[in-house]
Structure formats: structure tokens, C-alpha cells
Amino acid sequence: LSELLVPRTDVGEFRRRFKWMALVAFLAFGAVLVRLFQLQVLEGAANAATAHENIIHRVLIPTTRGVIHDREGKVLASSRPAYDLYVVPGRVMRSARPLHPGRLAEPDDITDTWPRIADVLRLNPEERARFDAKLHGACTTDEDKSPCWRPVLVREDLARDVVAELKQHENEMSGAEVVRVPVRYYPWKNLGAHAIGYVSEIDAETLARVRPPGFDKLPESEQQKLNPLRYENGDIVGATGVEHAWESYLRGQRGWEERVIDARGHYRTGPEADRLKDPSSKQDPIPGRDVRLTLDIELEQSIEKAMRVQRAGAVVVVEVRTGRLLAMYSKPDFDPNDVSGGGGHERLRQTVSRLHEDPLMPTLDKTTSGSFQPGSTFKPFAALAALEERKLDPDDTERCDGLLVFGRRVFHCTHVHGRVNMHEAIAESCNVYFIKVAEAVGMDPIAKVAEEFGLGEKTGLGVNPEAAGRIPTRSFYALRFPGRFYQGYTMNSAIGEGATTVTPLQLALAYAALGNGGTLYSPELVRAVETGDGAIVQDFAPRVRRKVNVKQENLARVNDALYGVVNEMKGTAFPARDPGLDVAGKTGTAQSAPVAGADKDPRMADWYRANHAWFAAYAPAKAPEIAVALLVEHGGAGPTVAAPIAMQIVREYERLTAQRAGKPGPPPKPKPTPLAVRTTPAPPPPAP
Amino acid sequence: MKNQRLLSQARDHFDWALFLGAALLAVIGVVNLYSATSVSRDALREVYVQQVYWLVFGGIIATLVAAIDYRHYERLGYALYGFGIVLLVLVFILGRDIRGSSRWINIGSFSLQPSEFMKLFLIIALAKYLHDDPKSEGRTLKDLAVPALIVAVPMVLVLKQPDLGTALILGLIFVSICALTRIAWRSLLTLAVSGAVLVPLVWTYVLKDYQKSRITVFLNPEANILGTGWHAHHARVAIGNGGLFGQGFMRGTQNQFLFLPDQHSDFPFAVFAEDWGFAGCVLLVLLYGFLCAWSIRIAATAKDRFGAVLAIGVGSLVFWHAFFNLGMVTGILPVVGVTLPLFSYGGSSVLTVLIGVGLLMNVSMRRFYVSPARGSLLGG
């Protein structure tokens, strides 16, 4: 056997190499150690920080938006859950995925679940074809970041039975996911929509302002200054009305906490994960505050009913002794649910474009944003100016022949009044008398009194953009129409025509001031801010804007005339009088300025030509509680159109108040007598 | 009587340092594998058990390999080499395609990776060639032509799979063994010049795109953190997260939260570094360093050329594997799929390294014979 084994050979050739090899090994491992020292000791802290960042994810905790209540505590706006359906193309339509040679098909990997899902959703053939194409198109590749794995939104705000069906057959619908999202909900739909407002997704412009590029790298204090409400992309924000104006209270504050996350994006829990995070490093969400409005939604509902036959208009009901707004009604209106995301983006898009195209501008809050010529409802203020200036004796009479010729212009009156004093001129609404008043007093003293009552001046309500209206003065005309000053301007100024415009809100507050003895209040729409369990955080007391600078005796004289408007046989509103009510007010019929584009629709042309009908009032006349300003746009004459509606609103107010106090309401209104019909005055002729 | 003498000889000549060094590495390796795969939810979770089986099996084979006098391998040198080549060719016929390359042959429920064993066959073949070809003068290129051919055949086959890492190791083992011989200066110069010409050609015509991208990413790692550089980036973060003394066993967050890729095959060191910190790493690197130094020592005291080349061959196998893997994981070398001896999971790899250790043991134990052996196949 030894022959089989090789003889020992000379190893001398290798002898000198071993040391060099040892040196190479030493240097190589030395380099590794130096590198390790660098990574673990020198850069250890930095690497540990990166490692920590890798596994800690800051998760935002959503907050809940505050609820909006009416004065009785009824919910006007709250949040409800909506369910959206997403599908992952690669999972619901596996047949669309490219085939890889050699990949083993799993048993449950073969069937498509999409047809079943489409059935449950009851998609129509057209929709179905659209989604088929979309899902197919997503799966041209099935690599990790391919759209094949990105969820596609199929339906928003699913009906409850569909959600139930999807949940029940979950196993047969793999790849479909129902996602719950909060949606703002307005149970009273259109009622009070303008005042309550609506919410929408934050727009790009606002977002760019509060989160400029590089925002996340700014220090905390800078972030706080730029974006105190912590808006993020996709956030819901108040867009109009109280939702917008009280956003900072309603919104609440999102919380955040640290979560341990692994490389695949899964959150880890348990003691091992808890050990890694800093327990103090979290913030609980602060829920949004509830806001209690001064509005009475049931009164609003009654107003809606009373205004049902009218195409457009506005009503403001305000508490005479507090300035709190009981109702703000603007017509046409809209359903805030449709524009707040309920029902999905498609409905939102359609609704917005429909609202945008509507010439009657349903989203415009006419109670504050619309300014109109007040017509005869302005006469009490002209009368007060005359009394204050002592320019005429209220018991002196003027003769009305039904028209007044002034130069080349003819001022018309409703009819031939004969000789009327101030009281009769207000009660019977004689233009001729007031044109003479204007001549005697002048434009500026009238404007002074009107401004005392807050007309032509923003009320500072702070909800929705407010129109100022305008009470013209001589300097206004000098600026606007330089050159000659026409006496006609002055004449218009006493009867609420021409350049004079007011908002329904201003008029309601001014009549409230007439009724309460001269105190002009700041209007209030929000009564209190509350926590979710009803504890009051902040209570808003009535704020007096000013004491109107007029003599009480003069005020009493005018108020007496306003009582006459409704309660005297010859009063313009007498035909609309409700014996169960005690109302003082003034009718108005304002010539409406020609509307641009009114001729486009011939069916609407007649409507656009009609006058605006007004009724402004307070009730009960002896101890006023509420003031009402009511405008029916292009409704015709104030006495026949506006006054009956206003009476109905006052009656509803009385009924609701009595009902809540457990007392019987006002007696039922008797059927209109033939007399009332006969004495209905004809509308004034159109403007010259 | 004879058996007793054999046993006492085995006891006296047994290389305890080599055995303990390798055993310590194997134990640490399994413990680390347990930590590395504890996060997996699938079958991977059990691989440390498999590794233990492989270690036991490998230990038995290594004992047998050590028991048979290595001069018998010298005699069978080319036959073993030929066997290895046949296996490599079989890969293309029976091979299983995993992640775009075929490296495995299935035998029952096991899959073997012939390219691993080829490293040992190559060492034996080269050792036999050099053993039979003693030179007193410096070797010229002509003298190196046959050994170059011996390495070229398996390298080409492995590159075809394609497996850049193993081809690289084969080449480096060849270079290490050549470094042991005396080479004429003129030949060295010629080699250097031709190498400079060949590298661009290889880059253009041989390397696949993914292999090229690994090298470009290595040269500019920050450019592509989310792509190919992702592995390297997270490995470095995990190692750095270990700090001086480590996060503790099974507490390395980057491993626990799945930021480490291939934590059981190519990146177990990152798991170890995160768990045990710089202190643990020093110990581990010293262990590898010791194994390499010890094989050089064994080579230096070997009684014949075959034994010396064998020891250097196995030593270089361990060295290049360890250096390339550590270098890759720490980011001083490009990402090349090279396993860390006794740390990475893999039956073929474990068997190869343990058989290598058996060969070292073999050479080490037989350095004491003064005279040629007589009679016994078992090294008497």
C-alpha cells in the first residue's frame, strides 16, 4: 500500500510566501474592523437615529368636527360615516395580470371576483364596461409599484344594504375594500343652508398658503404660526356660513402618536414594540367645539313653507331686544349635503356646476350678501329725519293727485291719496307726501337718520360676505355723477329708490331698533360655544351697537303710523291683517333695476320686470319681540305679496313660542273677507 | 493494540485550536441565524434547525475526511475534479431556476449546489498539479497555463449559471494558490498588462446588467437608496445601530422590523452586528482572522507540497468568503452574493466549509510523521 502513497516533496518554493499571506489577511480584516469602528462607534449615533426613524411612524389621529345646533338644540350639522368601495385591480381581476412562465398558480388565485362585486354594486352596463377597461389597463405589469396594486375608487357613499351585502360575502370578494370616511351631514337639508354653510375639501391655493414648500422642515413655532389649524392635504374645511366663520372652533385638533412600523408598512404592537417608542411622545386629539346658533330651524321651516310659491327672496327674523337672529332665509337655496361630499365626488361636481349656472344664484345668501332698493320700507326713516329736523309739522297735510310732475320727470303714487298728513302718508304709503318731505328736509339729514339705524353699513355679522348697501348723500352723487346735482336724486332718497340699497338683515335690525325704542343691536348668529356634552365654553351676550340718536316722541309718532299700516282700514297692509296678531310694519314695492341677461330666457323676462315686494315689521306691536324683514324678489306689490307671507311668519313664531311654553297659540286666522280683496291696492306702474 | 495507538495518536495530534475555532464560529452562527430568522413567519423560521442538521452531518463527513490520509486525495485529485465538472454540467440539465439563475440540483428533498463543492475540488486539483510540478526557477506563463485551464473550466460554467460571486471566489482561490508559487517577474508584468486590457472587455461583454448595477451602486451608493442600493444602505444602518455593545440578542430593530434583506443568506453579519455591537464584531472578525492565520500556519508546517497547497487553498476559501461578505455588508466592497462561512444558512455552503476544515485538520494532524507512512490507509 505504501507504494500507492506519494513521496514527500520539497516545500521550499512556498516557504517565503506565508508571511506575506498573513500580512494580506491581517490588512484585509483590519480594514473591516476600521470600517466597523467607523459605522458603529464614530457614526453610531447617526445610524441609530436613522434606524429609529425607520421604525417609528408618526400617525395622525383624526378628530371629530363639532356639531352645529339650533337654539332649541336640534342638530343642524354633524358628521356621519360614509362607506366608499375600493378595489385592487390585480386582486379582483387576476386574469388581467400578465402570466409569468413557471409561476405556480395558487388555487384561489384563479377566479376573478370583479363580476361578483359589480353585481352587488348594481353597476349599469356602461359603468361596468368603463371599470372593466380601467382595471384591465392597470395591470400591464404586476411589479411591486405597478398600478395593478393601487386601489381604485369604484363607488362613494354606498347604500347601507350594499355595505351589508359586501360584508356578508366578504370571502367571495377578495380585493374589494370598504373604507369608512366621515361625511358632514345636514339633516335639515336646504333649510338654513346659507347661514349654516357647508364644508369642502381644502383647495390647493389655501393649502399652498398654509403649507408652503418645505413646511415640514420648519421649526414647530413657525409651523404653528403659518398653519395654526394644522391643515393637511385632503382636509375638510368650512366653506361658507357658520361652518366657515367658526371653523377654528368646529374643527378641533388632530392628535398624533408614534407607531412602530416594519419595512413592509405593517404596524407592530405588543411589549416589544412599545419598548421602542417614547410614551410621552403623543398628543390626544381635541374634538371640535359644538356651536349653538340663535336660529330656530322650525321657524325656518315655516318660512320655507310660506315662501314656497315664490321663486326668489329673503327673510330675516331677529329678536328685537337682543339682535339674535331667529331665521335667515334666502331663496333659491341648495342642499349642503350635495356639496359637502355626501353622495360622492360625482354628485358634488354635478351640483356645483348646476349651482354655478343657475342665474338666480342659489348659493348667494341674499339676507347679507344681497342689497336691494328698500322702496317704501324706507319711509319711516325719512319721516324721522323730517321730525328731527323740525322741517315740517307732521299734522300738516299735503295733497296727493296720484302723481307729481317735476320738470320732465313724473313721480307716480300708488293711487290718488287726497290730502294726507304724515301718519296717513306712512300708513297709506303716499309717495307724493314723501317727495315733498325730501324737498323740505334734504338728502343728507335723511341719510344721517338712516345711517343711525345701521342702513347702508355692514352689520358685522361675520358670517358670509356682507354687502354694505348704500344710503346716498350729496357727496356720493358729487363723486359718482360729477357735474350738476339733480333734485330728483333727493326725491328718490325719501322713498327708498334710486341709489338707495339695503340688505334684508340691515332692514330687520333697523325695524328692531324702531320697535325697541331706539337701540340698534349687533346681529348675532351664534349663541354659545359648547363641548360635546353640552357644557358651555363661551356664551355670547347681546351687543348693543348704538343708541339711535332720535327723540322718543318722534319715534313714538312713527311707530304709531307703522301700527296704522296694518291695523287701520286704509293701511296698506290692512288686507293682510291677521286679527290674532299684533303687528306693526311697513310695506314696500321697489322698482327693480334691469337685470343683465334677463332677456335671455323669454319665460323669465316677465318675472324679471316685476317689482320687488317688501314687508318689514315688528311684533307684537305693543311689546315687540321680533322684527321681520321680508323680500320677495320680483314678486310684485309689497301689500299683496310680501305682507301676507310676513303675517304668516309672525303667526308661526307665536305658535312655536306658545307651543314651547305649553300655552295655546294665536287663534286661527279668519277667511279673508270680500272687503279685504276689494281694497287690495294695485301695483304701482313700472318705473319711468 | 494498533487501534489504541491510532487513538492516542489522534488525541496527541488533534488540532484543538482549529477545532475550537471552527466550532465556536458554528455555534455563534446558529445562534445568530435563530435571531435573524425569528422575524419570519414562514418556513424560514425553522432554518436554524436545518442548519444544525447540516452542521452535524458536515461534522461527520469532516471527521471522515480528516481520518483518511490526505495523500489519498492527492492520488484521486483529477478524478474528484472531473466529478465536480460533471456536477456543474448537470446543473444545466437538472437545475432549478431560482431568481433567474440555476445553481441547484435536487436530490430527494435536498438541493445541492455543486459550485460550492467545486471550490474544494479545484483546490485539490491545483494542489495535485503543483505537487507534481516542483520548480526551482520562477514559473513562467507557460508553466501556469495548465492550472489556469483547470480554474477556467469551472469558472466559465459557474458564470453561465450565472453566479458571479462563486466565479469570483474560484478565481481568487486560484490567485491565492498562485501567489504561493514563485512566478517570474516578466510573467507577472504580462499578466498585469493583459488584465488591464481584459477588464473593460469583460465589463462590456460578460457581465449582466444587474451585476453591473451592483458595482455602479457600490461606487455611488447614495444615488439609488431605494433601488439596488437599498440592501447595502439598510445593512449599514443596522450595523451602525449596533453601536459599541449592541442592541442585545434578538433585539436589533432593523432586523426585527424586516429592513434587512436576505438576513439568513447574505446578510447575517448585519444581524449579528446589530445584536452584539462593535465588541461582538471584533470577536467575530478575530475568529475569522484566526482561522486564516491558522491555515497559513498549517500550510507552513505541512510536510509536503500537496498539504501546503491544500491548507492555503482552504484558508483562502475561508478568507475570501469572509472578507467579501464582511466587506459587502459593511459597504467597503460591492454587493456580491458571497456567503459568510458557518454564518450563512445553506447546506452546501456548510458542508463545503466543514469538509475544508476537515482537510485542514487532516494536513495538520499528519505534519508529525517523520517517515513515509506504511501500511495503513488510515494514515499509519
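1. Let's talk about the overall build of chain A
Then, number 1: When helices and strands are tallied, chain A shows 26 helices and 24 strands.
Then, number 2: Taking 2.2 N^0.38 as the reference for a compact globule, 688 residues should give roughly 26 Å; the C-alpha atoms of chain A span a radius of gyration of 37 Å, well beyond that estimate.
Then, number 3: Considering only C-alpha atoms, chain A reaches an extent of 155 × 60 × 55 Å along its principal axes.
Then, number 4: Counting over 688 residues, chain A shows a buried share of 50%.
Then, number 5: A separation threshold of at least 6 residues defines the contact pool for chain A, and within that pool the share at least 24 residues apart is 74%.
Then, number 6: Carbon and sulfur atoms make up 54% of the accessible area of chain A, which totals about 33,300 Å².
Then, number 7: For chain A, the distance from the average site of its 88 positive side-chain charges to the average site of its 88 negative ones is 2 Å.

2. Quick word on the overall build of chain B
Then, number 1: A count of helical and extended segments in chain B gives 14 helices and three strands.
Then, number 2: Here chain B, with 380 residues, has 56% of them falling under the buried criterion.
Then, number 3: Entry remark: accessible area of chain B is about 16,300 Å², with carbon and sulfur atoms responsible for 69%.

3. Let's talk about the sheet that holds strand E13 (residues 325-331) of chain A
Residue and element names in this part refer to chain A.
Then, number 1: A sheet is described by the order of its strands in space; here five strands give the open sequence E13-E12-E24-E23-E22, paired in antiparallel fashion. Whereas interior strands pair on both sides, the edge strands pair on one side only; in this sheet they are E13 and strand E22 (584-590). For this sheet, the mean angle separating the axes of adjacent strands, direction not counted, is 5 degrees.
Then, number 2: Pairing analysis gives six bridges linking strand E12 (residues 313-319) to E13, with the strands arranged antiparallel. Its bridge partner being in E13, Gly313 is matched across the sheet by Lys331.

4. Observations regarding the interface of chain B and chain A
Then, number 1: In this assembly, 62 residues from chain B lie in contact with 45 residues from chain A.
Then, number 2: Around 5,000 Å² of area is buried between chain B and chain A when both sides are counted, 68% of it from carbon and sulfur atoms.
Then, number 3: Between chain B and chain A we count four residue pairs in polar contact (both at pLDDT 80 or more) in total.
Then, number 4: Taken together, the elements giving at least two residues each to the side of chain B that touches chain A come down to helix H4 (71-94), helix H7 (164-180), helix H10 (229-242), helix H11 (253-256), helix H12 (268-301) and helix H13 (305-330) of chain B.
Then, number 5: When residues of the side of chain B that touches chain A are assigned to their parent elements, the largest contribution, 13 residues, is made by H12(B).
Then, number 6: Looking at the side of chain B that touches chain A, its residues break down into 32 nonpolar, 17 polar and 13 charged.

5. Some remarks on the packing of helix H5 (residues 114-132) of chain B against helix H14 (residues 347-365) of chain B
Two measures define how a pair of helices packs: the angle their axes make with one another and the distance between the axes.
All names here are of chain B.
Then, number 1: Put simply, H5 and H14 touch, their axes get as near as 8 Å, and they point 15 degrees apart. The angle between H5 and H14 falls in the class roughly parallel. For H5 against H14, the interelement crossing comes out right-handed. Taking contact as the criterion, the partners of Glu116, Phe117 and Leu120 in H5 are, on H14, Ser348, Ser349, Leu351, Thr352, Ile355, Gly356 and Leu359.
Then, number 2: Here the contact of H5 with H14 is built from residues that sort into five nonpolar, four polar and one charged.

6. Thoughts on unusual backbone geometry
All names here are of chain A.
Then, number 1: Cis rather than trans, the peptide bond between Lys331 and Pro332 has omega equal to -5 degrees.
Then, number 2: As for its position among the elements, Pro332 is in the loop between E13 and helix H14 (336-339).
Then, number 3: Omega for the peptide link from Ala619 to Pro620 comes to -10 degrees, which places this bond in the cis form.
Then, number 4: The topology assignment puts Pro620 in the loop between strand E23 (612-619) and strand E24 (626-632).
Then, number 5: With a phi close to 60 degrees, Arg230 is a non-glycine residue in the positive phi region.
Then, number 6: Mapped onto the elements, Arg230 comes out in the loop between helix H9 (220-226) and strand E7 (236-238).

7. A short note on helix H21 (residues 487-494) of chain A
Owing to its 3.6 residues per turn, the α-helix brings residues three or four apart onto one side.
All names here are of chain A.
Then, number 1: Summarising burial for H21: seven of the eight residues are buried, a large majority.
Then, number 2: Inspection of H21 places Gly488, Tyr489, Thr490, Met491, Asn492, Ser493 and Ala494 among the buried residues, and these make up the whole buried set.
Then, number 3: Residues of H21 that are buried make contact with helix H16 (379-389), strand E15 (403-406), strand E16 (409-412), helix H18 (431-441), helix H19 (443-452) and helix H20 (474-480).
Then, number 4: Trailing H21 by a residue or two, Gly496 shows a phi angle of about 65 degrees, which is positive.

8. Some remarks on the pattern of salt bridges
Then, number 1: For the structure shown, the criterion picks out 41 salt bridges over all chains.
Then, number 2: Of the charged contacts in the structure, one is a salt bridge between A:Arg545 and A:Glu457, with a shortest N-O distance of 2.9 Å. On the criterion of sequence distance, the pair formed by A:Arg545 in strand E21 (residues 544-547) and A:Glu457 in the loop between H19 and H20 is long-range, its members being 88 residues apart.
Then, number 3: With a relative accessible area of 29%, A:Glu457 lands in the partly exposed category.
Then, number 4: Residue B:Lys119 is joined to B:Glu116 by a salt bridge in which the shortest nitrogen-to-oxygen separation is 3.2 Å. Taken as a pair, B:Lys119 and B:Glu116 lie in helix H5 at a separation of three residues, close to a single helical turn.
Then, number 5: Owing to a relative accessible area of 1%, B:Lys119 belongs among the buried residues under this scheme.
Then, number 6: In this structure, a network of salt bridges that share partners links the residues A:Glu72, A:Lys74, A:Asp296, A:Glu298 and A:Arg660.

9. Structural notes on the environment of B:Gly58
Residues and elements named next belong to chain B.
Then, number 1: Tracing the sequence through the fold places Gly58 in helix H3 (residues 47-67).
Then, number 2: Taking the relative accessible area as the measure of exposure, Gly58 reaches 0% and is therefore buried.
Then, number 3: Between the C-alpha atoms of Gly58 and Gly346, which are 288 residues apart in sequence, the distance is 12 Å.
Then, number 4: Leaving out residues up to four positions away in the same chain, Gly58 has contacts with Leu351 and Leu354.

10. Observations regarding the confidence of the model for chain B
Then, number 1: Summing up the model confidence of chain B, the mean pLDDT is 83 and the portion of residues at 70 or higher is 85%.
Then, number 2: Across the whole predicted complex the pTM is 0.71, and at the interface the ipTM reaches 0.89.

11. Side note on the packing of aromatic side chains
Then, number 1: Within the structure shown, the criterion is met by 32 aromatic pairs over all chains.
Then, number 2: Measuring from ring centre to ring centre gives 5.1 Å for A:Trp607 and A:Tyr608, while their planes differ by 70 degrees; the resulting arrangement is edge-to-face. Taken as a pair, A:Trp607 and A:Tyr608 share a single burial class, namely buried.
Then, number 3: Relative to B:Phe343, the ring of B:Phe272 has its centre 5.5 Å away and its plane inclined at 80 degrees; by these criteria the two rings are edge-to-face. Of the two residues, B:Phe272 is situated in helix H12 and B:Phe343 in the loop between H13 and H14; the sequence distance between them amounts to 71 residues. In terms of burial, B:Phe272 and B:Phe343 fall into one category: buried.

12. Section: the packing of H5(B) against H7(B)
All names here are of chain B.
Then, number 1: Closest axis-to-axis distance for the H5/H7 pair is 10 Å, and the angle between their directions is 20 degrees. Of the possible angle classes, the one that applies to H5 and H7 is roughly parallel. H7 is crossed by H5, and the crossing has right-handed handedness. Facing Ser115, Met118, Lys119, Leu122, Ile123, Leu126 and Leu130 of H5, the residues of H7 in contact are Thr166, Ile169, Leu170, Ile173, Phe174 and Ile177.
Then, number 2: Here the residues of the contact of H5 with H7 are counted per class, giving 10 nonpolar, two polar and one charged.

13. As for the nonpolar core
Then, number 1: Residues A:Val317, A:Phe434, A:Phe453, A:Phe615 and A:Leu630 are the most contacted members of the largest nonpolar core, which totals 126 residues.
Then, number 2: Ranked by the residues each element gives to this core, the list is headed by helix H25 (residues 638-661) of chain A, at 10 residues.
Then, number 3: A:Val317 has contacts with A:Leu299, A:Ile303, A:Arg324, A:Leu325, A:Leu326, A:Ala327, A:Ile626, A:Ala627, A:Val628 and A:Ile649, leaving out every residue within four places of it along the chain.
Then, number 4: One finds B:Val30, B:Tyr70, B:Leu157 and B:Phe319 within the second-largest nonpolar core, a separate group that totals 112 residues.

Rules of the game
Counting restarts for each chain, with residues numbered from 1 along the sequence as it is written. Each chain is given a letter, starting from A, and each ligand a number, starting from 1, according to the order in which they appear as written. The model is predicted, so local features are restricted to residues of pLDDT at least 70 and side-chain atom pairs to those at 80 or more, both for listing and for counting; the totals for chains, interfaces and linings are taken over all residues. Side-chain descriptors were evaluated using all non-hydrogen atoms of the structure, hydrogens and water having been removed beforehand. Elements are defined by DSSP. Helices are runs of H or I of four residues or more, strands are runs of E of two residues or more, and each kind is numbered from the N terminus. For the radius of gyration, the atoms used are the C-alpha atoms, and the globule rule reads 2.2 Å times the number of residues raised to 0.38. Exposed residues in this analysis have more than 50% of their type's maximum accessible area, buried residues have under 20%, and partly exposed residues fall in between, with area computed by a 1.4 Å probe over protein chains only. In this analysis, two residues are considered to be in contact whenever any of their non-hydrogen atoms come within 4.5 Å of each other. Per-residue and other accessible areas were derived by the Shrake-Rupley procedure at a 1.4 Å probe size, with only the shown protein chains allowed to occlude residues. Under the counting rule used here, the positive set is Lys and Arg, the negative set is Asp and Glu, and His together with the chain ends is not counted. Every charge is mapped to an atom, namely NZ of Lys, CZ of Arg, CG of Asp or CD of Glu. Should DSSP find at least two bridges between two strands, the strands are taken to pair. Lines are fitted to the C-alpha atoms to define the axes, a helix being fitted only along its stretch in contact, and any angle between axes, read from their N-to-C directions, falls within 0 to 180 degrees. When two components associate, each loses some accessible surface as probed by a 1.4 Å sphere; the sum of these losses over both components is called the buried area. Any pair of N or O atoms that falls within 3.5 Å is considered a polar contact. Within protein, one atom must be able to donate a hydrogen and the other to accept it, and sequence-neighbouring residues count only if both atoms are side-chain atoms. In the scheme used here, Gly and all other residues not listed as nonpolar or charged are polar, with Ala, Val, Leu, Ile, Met, Phe, Trp, Tyr, Cys and Pro taken as nonpolar and Asp, Glu, Lys and Arg as charged. Small angles under 35 degrees read as roughly parallel and large ones over 145 as roughly antiparallel, with 65 to 115 read as roughly perpendicular and the rest as oblique. The hand of a helix crossing depends on one turn: near helix anticlockwise from the far one by less than a right angle means left-handed, and clockwise means right-handed. Salt bridge, as applied in this entry: a Lys or Arg side-chain nitrogen positioned within 4 Å of an Asp or Glu carboxyl oxygen. The pLDDT value tells you how sure the predictor is about a given residue, anywhere from 0 up to 100. Pairing of aromatic rings covers Phe, Tyr and the six-membered ring of Trp, with a centre-to-centre limit of 6.5 Å; geometry is then stacked below 30 degrees between planes, edge-to-face above 60, and tilted otherwise. Buried residues of nine kinds, namely Ala, Val, Leu, Ile, Met, Phe, Trp, Tyr and Cys, make up a nonpolar core once their side-chain atoms join them within 4.5 Å.

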